[in-house]
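This is what each chain is made of:
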Amino acid sequence: MTDVRPPQQLVPTGGAPTPGPRVGRLLVLLFPAVAAMYALFNGISAVILPAQVEAVDPASKVGNLALLTTLAAVASMLAIPTGGAISDRTRSRYGRRTPWIAAAAVVSAVACILMGLAESLPGLIATTVVLWFAANFYSGAITAILPDRVPPRRRGVASAVIGLGTPVGIVFGVQVASRVGHLTAYAVIGAVLLVTTALLLLGAREGSARGLPVAVRSRRSPGQSFRSFFAAFATRDFRLAFLSRFMLFASYFVVSGYTFYTLQDYIGTGNVPDGNVATAVSTLLTLSVVVWVVVASVAGWIADKVDRRKLFVGVSALGVAASMTIPLAMPTWTGMLIYSACLGASIGTYFAIDLAVMSLVLPDADSEGRDLGILQVATGLPQLLAGAVASAVITWCGGYPALFVFGALSAVVSGLLMLRIRSLR
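Residues numbered from 1 in each chain as written. Predicted model: local features only at pLDDT ≥ 70, side-chain atom pairs only at ≥ 80, totals over all residues. Heavy atoms only, no water.

Would you mind going over the overall build of the protein chain with me for this structure?
Looking only at helices and strands, the protein chain features 16 helices and two strands. Put simply, 85% of the contacts in the protein chain that link residues at least 6 apart link residues at least 24 apart. Total accessible area computed for the protein chain in this model is approximately 17,300 Å², and 66% of it derives from carbon and sulfur atoms. (Helix = DSSP H or I, 4+ residues; strand = E, 2+ residues; numbered from the N terminus. Contact = heavy atoms within 4.5 Å. Areas by Shrake-Rupley, 256 points an atom, 1.4 Å probe, with all protein chains shown as cover.)

Honestly, the side chain of Thr 262 in this entry has me stumped. Any pointers?
On the secondary structure map, Thr 262 appears in helix α10 (residues 259-268). Since its relative accessible area comes to 2%, Thr 262 is described here as buried. If near-sequence neighbours (up to four positions away) are discounted, Thr 262 is found in contact with Ile 267, Tyr 400, Leu 403 and Phe 404. (Buried < 20%, exposed > 50% of the residue type's maximum accessible area, 1.4 Å probe, protein only.)

Explain the nonpolar core here, please?
If you look at soluble globular proteins, the nonpolar side chains tend to sit buried side by side. Core analysis: the biggest nonpolar cluster contains 124 residues, and Ile 44, Leu 200 and Leu 263 have the highest contact counts within it. Counting residues per element, this core draws most heavily on helix α1 (residues 23-56), which supplies 18 residues. (Core = buried A, V, L, I, M, F, W, Y, C linked by side-chain atoms within 4.5 Å.)

Any chance you could explain the packing of aromatic side chains here in plain terms?
The geometry of an aromatic ring pair comes down to the distance between the two centres and the angle between the two planes. Taken as a whole and judged by the stated rule, the model has eleven aromatic pairs. Here the aromatic rings of Tyr 266 and Phe 404 are separated by 6.4 Å at their centres, their planes lie at 40°, and the arrangement is tilted. Residue Tyr 266 is located in helix α10, and its partner Phe 404 is located in helix α16 (residues 400-418); the two are separated by 138 residues in the primary sequence. (Phe/Tyr/Trp six-rings, centres within 6.5 Å; stacked < 30°, edge-to-face > 60°.)

Even after reading the chapter, I still don't get the pattern of salt bridges, so can you show me in this structure?
Pairing is possible between side chains of opposite charge, provided their charged atoms come close. A full pass over the atoms with the stated rule returns two salt bridges. Here Lys 61 ties to Glu 54 by a salt bridge, and the two come within 3.6 Å at their closest N and O atoms. Overall, the relative accessible area of 12% leaves Lys 61 in the buried class. With relative accessibility at 24%, the residue Glu 54 sits in the partly exposed group. (Salt bridge = Lys/Arg side-chain N within 4 Å of Asp/Glu carboxyl O.)

Quick question: what am I supposed to make of the packing of helix α9 (residues 236-256) against helix α12 (residues 309-324) here?
Geometrically, a packed helix pair is captured by the angle between its two axes and the distance between the axes. At their nearest, the axes of α9 and α12 sit 10 Å apart, and the two run at 30° to each other. As far as their axial angle goes, α12 and α9 are roughly parallel. In this structure, α9 meets α12 at a crossing whose hand is left-handed. Counted together, Leu 248, Ser 251 and Val 255 of α9 and Ala 317, Val 320 and Met 324 of α12 form the full contact between these two elements. Here the residues of the contact of α9 with α12 sort into five nonpolar, one polar and no charged. (Axes fitted to C-alpha atoms, helices over the stretch in contact; angles between N-to-C directions. Parallel < 35°, antiparallel > 145°, perpendicular 65-115°, else oblique. Left-handed = near helix turned anticlockwise from the far one by under 90°. Nonpolar A, V, L, I, M, F, W, Y, C, P; charged D, E, K, R; others polar.)

Looking at this structure, how should I read the environment of Ile 267?
Mapping Ile 267 onto the fold places it in helix α10. Residue Ile 267 is classed as buried on the basis of its relative accessible area of 4%. Remark: the alpha-carbon pair of Ile 267 and Tyr 400, spanning 133 residues in sequence, is separated by 9.5 Å. Setting aside anything within four residues of it in sequence, one finds Ile 267 in contact with Thr 262, Val 272, Pro 331, Thr 332, Trp 333 and Met 336.

Looking at this structure, how should I read the side chain of Ser 139?
As for its position among the elements, Ser 139 is in helix α4 (residues 121-143). Not counting chain neighbours up to four residues away, the residues in contact with Ser 139 comprise Met 37 and Gln 376.

Looking at this structure, how should I read the environment of Tyr 261?
Mapped onto the elements, Tyr 261 comes out in helix α10. In this structure, Tyr 261 is in contact with Pro 50, Val 53, Lys 61, Val 62, Leu 65, Tyr 266 and Tyr 400, ignoring residues within four places of it in sequence.

Could you clarify how one ought to interpret α9 in this entry?
Since one α-helical turn is 3.6 residues long, residues separated by three or four positions face the same way. Here α9 contains 21 residues, and its C-alpha end-to-end distance of 30 Å stays within 8% of the 30 Å for a straight helix at 1.5 Å per residue. In terms of burial, α9 is largely enclosed, as 16 of its 21 residues are buried. (Expected span 1.5 Å × (residues − 1).)

Looking at this structure, I do not really get the packing of helix α3 (residues 98-117) against α4. What am I missing?
Closest axis-to-axis distance for the α3/α4 pair is 8 Å, and the angle between their directions is 155°. In terms of orientation, α3 lies roughly antiparallel with respect to α4. Between α3 and α4 lies a crossing of left-handed hand. Residue-level contacts link Trp 100, Ile 101, Ala 104, Ala 105, Val 107, Ser 108, Ala 111, Cys 112, Leu 114 and Met 115 of α3 to Leu 124, Thr 127, Thr 128, Val 130, Leu 131, Ala 134, Ala 135, Phe 137, Tyr 138, Ala 141 and Ile 142 of α4. Looking at side-chain class alone, the contact of α3 with α4 contains 18 nonpolar, three polar and no charged residues.

Written as structure tokens, this is what we have:
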């Protein structure tokens with residue numbers, strides 16, 4: 001049954017919040033911080049962590065990587081909405097988001113160094129969980145800047161800026177991870193996150209939050225608190241947006257999380273350039289990202305102009321599905337190159353506009369950080385399942401080709417769900 005209690009009462013604590021900087025400057029400084037965040041996620045998960053896992057126990061690499069990615073996804077799923085919800089309620093002179101973004105960046109950088117020093121599976125488990133929780137808490141808080149400080153008419157452009165930060169971060173992270181020692185890579189990635197975060201927080205200062213209203217606290221049962229936290233799911237379009245995002249990222253993570261082993265065991269180490277799998281992963285991601293950047297540079301702007309964001313996101317998900325069929329038809333290095341280029345075009349369009357769509361289906365202005373964080377769980381939850389699903393598919397369902405079949409079907413479902421959202425064009 002839908003919760004029909006009256007809206008939460010708000011009590012003012014002072015004057016209006018101090019205005020922040022202009023949107024243009026904010027987006028310019030937000031871009032490198034987002035890129036650094038995605039460099040951390042992708043450089044580690046695509047190259048460094050698989051190599052570390054294989055070095056610890058080569059015979060159990062598939063299962064151990066599945067365990068680590070599952071635990072990392074659990075941490076992500078908890079951290080993203082927590083980062084949004086806690087920052088929603090923060091009332092400091094430095095704003096709502098700034099204190100938590102800064103703290104999460106510092107913890108993430110320290111965890112990077114500790115993860116680089118880990119030489120056993122238990123050590124990797126502990127440091128991976130800490131790092132993924134801190135980095136995703138950071139993600140939950142920093143993404144809430146979009147509904148906080150960007151007007152709806154510029155959400156497409158803002159989403160495109162964040163979407164461009166994703167591929168740039170992937171290229172940087174993967175290039176660093178594949179070309180230097182793993183401890184050096186961890187140190188560089190952590191340092192870049194700290195520097196770009198400092199530039200954002202100091203160069204585009206958030207206004208004081210002391211004047212914002214605060215919610216009156218009332219005693220609630222655990223069940224009432226749970227229903228309140230997830231109240232946004234009572235809205236149909238919010239549910240569809242969550243499910244669509246979930247299916248798209250299920251498609252993406254199940255396949256991309258095993259790119260290293262796909263090249264090694266499906267394409268064959270001897271069939272990739274120079275027999276170097278790490279460099280081959282870097283090449284594929286770089287090609288994908290180059291196309292991604294070109295597409296994302298114009299997709300958000302066009303979607304704003306024609307006001308058809310839902311259509312762009314839905315069609316791009318179907319494009320991801322089509323891309324997944326290429327390695328099935330061409331299980332060669334050339335086929336993987338074509339697949340990467342096509343995937344880059346489709347995922348680039350998706351990322352350029354997806355966040356704008358997510359920000360426009362939020363039902364409660366007082367809980368935008370929390371609800372946007374919940375939508376971001378649709379990124380972390382597929383990661384939670386991806387390791388186990390991929391391992392099971394490889395082992396029981398026909399090997400690596402079945403990963404691409406699963407990815408294609410999931411992306412089709414994502415696109416169809418997106419096209420059913422009624423409140424957006």
